[in-house]
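# Examining the three-dimensional arrangement
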Amino acid sequence: MTDIPSDTRTAAPSTGEEGAAPRARAGAPLADPAAERRRARRSRRYRWDMKWSPYALIAPFFLFFIAFGLFPLLYTGWASLHRVELGTPTDMEWVGLRNFSRLLEDEFFWNALRNTFTIGLISTVPQLLMALGLAHLLHYRLRGSMFFRVAILTPYATSVAAATLVFVLMFSRTDHGMINWALGLVGVDAVDWQNGDWTAQIAVSSIVIWRWTGYNALIYLAAMQAIPNDLYESAALDGASRWQQFRHVTIPSLRPTILFTCVVSTIGATQLFGEPLLFSQGASPTGGSDHQFQTLGLYLYEQGWFNQHLGRSSAIAWTMFLILVLIGLLNWAISRWIRRSA
Amino acid sequence: MASLKKRGAGRQLHGGKLAYAVLILFTIGSLFPLVWTAIAASRNNTRLAETPPPFWFGGNLFKNLEIAWTDANMGTALLNTLVVAGTITVGTVLFSTLAGFAFAKLRFRFRGLLLLLVVGTMMVPPQLSVVPLFMMVAEFGWTDQLQSVILPTLVSAFGVFFMRQYLIEALPTEVIEAARVDGASSLRLIWHVVFPAARPAMAVLGMLTFVMAWNDFFWPIIALTQGGEPTVQVALAGLGRGQIPDQSVIMAGALLGTLPLLIAFVLFGKQIVGGIMQGAVKG
């Protein structure tokens, strides 16, 4: 748009305050010098506007983006090569890759990595499967379908903190807790949700599942509504049952959306922080007495803000990033492989 | 009615009894923890420790809300969160619309490269920048002040991308050219053409941003360490740390922190659902 031919540039906005009737054209072909100067000034302003306004429009975003997004992003890498204490964050001592090598020797790092993986798996897989089923049901013609949609999305409005506090109460360890009481009704003994290894991870995962299933169901539903109707009609003509239609029409059409939600949920799972923090007694960053549900996000917080090693904290952040990149590449490879085999 | 049209685009099969049964089950599962928060908040500690747990409201709701309001700082926290989430929403929507318009419809040097940069950083986790951000906040002396939470979240790469995707289709280039021929300056163009065209997407982005900003947890709990000016989420984390040992008061606090968004959901639920589904197709 910057290089509009000069005649349109001057002709259109030249005369009249509101771009009104071309006064000059009615007069002599050569207007008086004052009007000529005015026109030149206007055309100069217009050219200036066309050239620089795109930058003015993106400037506010980029100023904040660079200062509080990009710069910290890169600086984390620099900080991870230093010894930085929480009390004196400006005193940085170069240590090279020592933060990383110490991380690899730290059993709590491997523990947190393992926990992040298992909690991510047991929260993401059931969540997405249930969301797929829910979306399929919501895709039928239903009375009050909007009510169901809003209702299953409501947990999304709840914060991590509020949701976790309620679930902590429901997962109370003795038999008066809501869930242990319900288990007692069907003859299962009370479970010590917080101190068990697997049980705590399941409890933390249930919070994630509760908050995000409805959200993912709506994303699947949106994708389902974009599937052309005649695909189903021709499938029905071929005698496909509803289940066969779901398997052979719906699922293949949703493949990109399913991959998208897998990526987003995986990223969410690697960042898991609030749920395990508040699920432990007294909101301690250890993730339970035995670190049994400490995630990488929580481990980063503990190293930086409780053990006061901001440098090591940065190293954990970079490691998380590398893991995400790895997952992204894996995902890309899998989606390519699926596309090729299909 | 958009829902009618959408329904027509899909299959016309009616849901059977089983579909209703499963959906009702999931609805109960979705709403139960919320309702039970209110029930627990209306009881007292002793009753919560009895078996079976209470399933109906008691008489302590207002007493517990009052204790949460004053002792746990929930009043200040709610006001702070309103300021934080409101400012972030206005900033994100405004700056995203301007930048999104520029990326969608204007030509300038390095446009593709800059857009790639924006999209590329969209998936980067917030953990990756938290240490330098904390160092900056400490350096500027912003610890425990609200701007330390507002400024780093004031713009969003997702917002820019979202507005760009919307404006590419919603704002015909001919309209912009016509306005240019009429001699409109960029400022007039944005005010009279871009903002009206972008309004539906601005509303969706605003709602999503507000929910996200209201519920943000990771950065506020690091930036507002001393808890002098907590957001609701930081105040709730304080409750979890056992500053108030009474479970029913903790639930009253959780209820106070959730209620504003729940009310918004009752009022705008349909629009929020539409926004998420629209974002899913576009994104």
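Residues numbered from 1 in each chain as written. Chains lettered and ligands numbered in written order. Predicted model: local features only at pLDDT ≥ 70, side-chain atom pairs only at ≥ 80, totals over all residues. Heavy atoms only, no water.

This paragraph deals with the overall build of chain A. Secondary structure summary: chain A contains 14 helices and two strands in total. The globule rule puts the C-alpha radius of gyration for 342 residues at 20 Å, and the 30 Å found for chain A is more than 25% above it. Summarising its shape, the C-alpha atoms of chain A cover approximately 100 × 75 × 45 Å along the three principal directions. Relative to its full complement of 342 residues, chain A shows a buried share of 51%. Considering only contacts in chain A between residues 6 or more positions apart, those separated by 24 or more positions represent 64%. Per element, the accessible surface of chain A, about 16700 Å² overall, is 63% carbon and sulfur. (Helix = DSSP H or I, 4+ residues; strand = E, 2+ residues; numbered from the N terminus. Rg over C-alpha atoms; globule rule 2.2 N^0.38 Å. Buried < 20%, exposed > 50% of the residue type's maximum accessible area, 1.4 Å probe, protein only. Contact = heavy atoms within 4.5 Å. Areas by Shrake-Rupley, 256 points an atom, 1.4 Å probe, with all protein chains shown as cover.)

Here we take up the overall build of chain B. The helix and strand inventory of chain B stands at 14 helices and zero strands. Taking the contacts inside chain B whose residues are at least 6 apart along the sequence as the reference set, 73% of them involve residues at least 24 apart. A total accessible area of about 12600 Å² is found for chain B, and carbon and sulfur atoms account for 67% of it.

Bringing the pattern of salt bridges into the picture now. Tallied over the entire structure, the rule returns three salt bridges over all chains. Salt-bridge contacts for A:D49 lead to B:R180; the nearest nitrogen and oxygen are separated by 4.0 Å. Linking A:D49 in helix α3 (residues 33–79) with B:R180 in helix α10 (residues 173–181), this pair reaches from one chain into another. Take A:D49: its relative accessible area is 15%, and that puts it in the buried class. By relative accessible area, B:R180 is classed as buried at 5%. Between A:R83 and A:E85 there is a salt bridge, with its nearest N and O atoms 3.6 Å apart. Residue A:E85 is classed as partly exposed on the basis of its relative accessible area of 23%. (Salt bridge = Lys/Arg side-chain N within 4 Å of Asp/Glu carboxyl O.)

What follows covers the environment of B:F134. Tracing the chain through its elements places B:F134 in helix α7 (residues 130–140). Taking relative accessible area as the criterion, B:F134 reaches 10% and is therefore assigned buried. For the pair B:F134 and B:W219, spaced 85 residues apart in sequence, the C-alpha separation works out to 9.0 Å. Beyond its immediate sequence surroundings of up to four residues, B:F134 is in contact with A:L86, A:W305, A:L310, B:W219, B:I222 and B:T225.

Let us now look at the side chain of B:Q233. Structurally, B:Q233 is set in helix α13 (residues 232–240). Classification of B:Q233 by relative accessible area gives buried; the value is 0%. One polar contact links the side chain of B:Q233 to the main-chain carbonyl oxygen of B:W214, over a distance of 2.8 Å. Beyond its immediate chain neighbours, meaning those up to four positions away, B:Q233 contacts A:S159, A:A161, B:W214, B:N215, B:D216 and B:F217. (Polar contact = N/O pair within 3.5 Å; in protein donor to acceptor, adjacent residues only side chain to side chain.)

Taken together, the contacts link 108 residues of chain B with 101 residues of chain A. Buried surface at the junction of chain B and chain A, both sides included, amounts to about 9800 Å², of which 76% is carbon and sulfur. Linking chain B with chain A are one salt bridge. Joining chain B to chain A, the criterion identifies 10 residue pairs in polar contact (both at pLDDT 80 or more). Its residues assigned to classes, the side of chain B that touches chain A shows 73 nonpolar, 22 polar and 13 charged. (Buried area = accessible area lost by both parts, 1.4 Å probe. Nonpolar A, V, L, I, M, F, W, Y, C, P; charged D, E, K, R; others polar.)

This brings us to the confidence of the model for chain B. Residue and element names in this part refer to chain B. On average, chain B scores 86 in pLDDT, and the residues at 70 or more come to 92%. Here helix α1 (residues 2–9) stands out as the least confident element of chain B, with mean pLDDT 40; helix α5 (residues 74–105) is the most confident, with 95. For residues 1–11, every residue scores under 50 in pLDDT, and the model assigns this stretch 17 contacts once sequence neighbours within four places are set aside. (pLDDT = per-residue confidence, 0-100.)

As a further point, take the packing of helix α10 (residues 229–237) of chain A against helix α11 (residues 242–270) of chain A. All names here are of chain A. Where α10 meets α11, the axes come as close as 10 Å, and the angle between the chain directions of the two elements is 155 degrees. What the angle tells us is that α10 and α11 run roughly antiparallel. Of the two elements, α10 crosses α11, and the hand of that crossing is right-handed. Across the interface between the two elements, L231, Y232, A235 and A236 from α10 touch Q245, V249, T250 and S253 from α11. Of the residues assigned to the contact of α10 with α11, the class counts are five nonpolar, three polar and no charged. (Axes fitted to C-alpha atoms, helices over the stretch in contact; angles between N-to-C directions. Parallel < 35°, antiparallel > 145°, perpendicular 65-115°, else oblique. Left-handed = near helix turned anticlockwise from the far one by under 90°.)

Residue and element names in this part refer to chain A. On the surface, F117, L121, V125 and L129 cluster together into a nonpolar patch covering about 420 Å² of accessible area. Relative to the elements of secondary structure, V125 occurs in helix α5 (residues 107–138). Judged by its relative accessible area of 43%, V125 falls in the partly exposed class. (Patch = residues over 30% accessible without salt bridge, like charges linked within 9 Å, V, L, I, M, F, W, Y side chains within 5 Å.)

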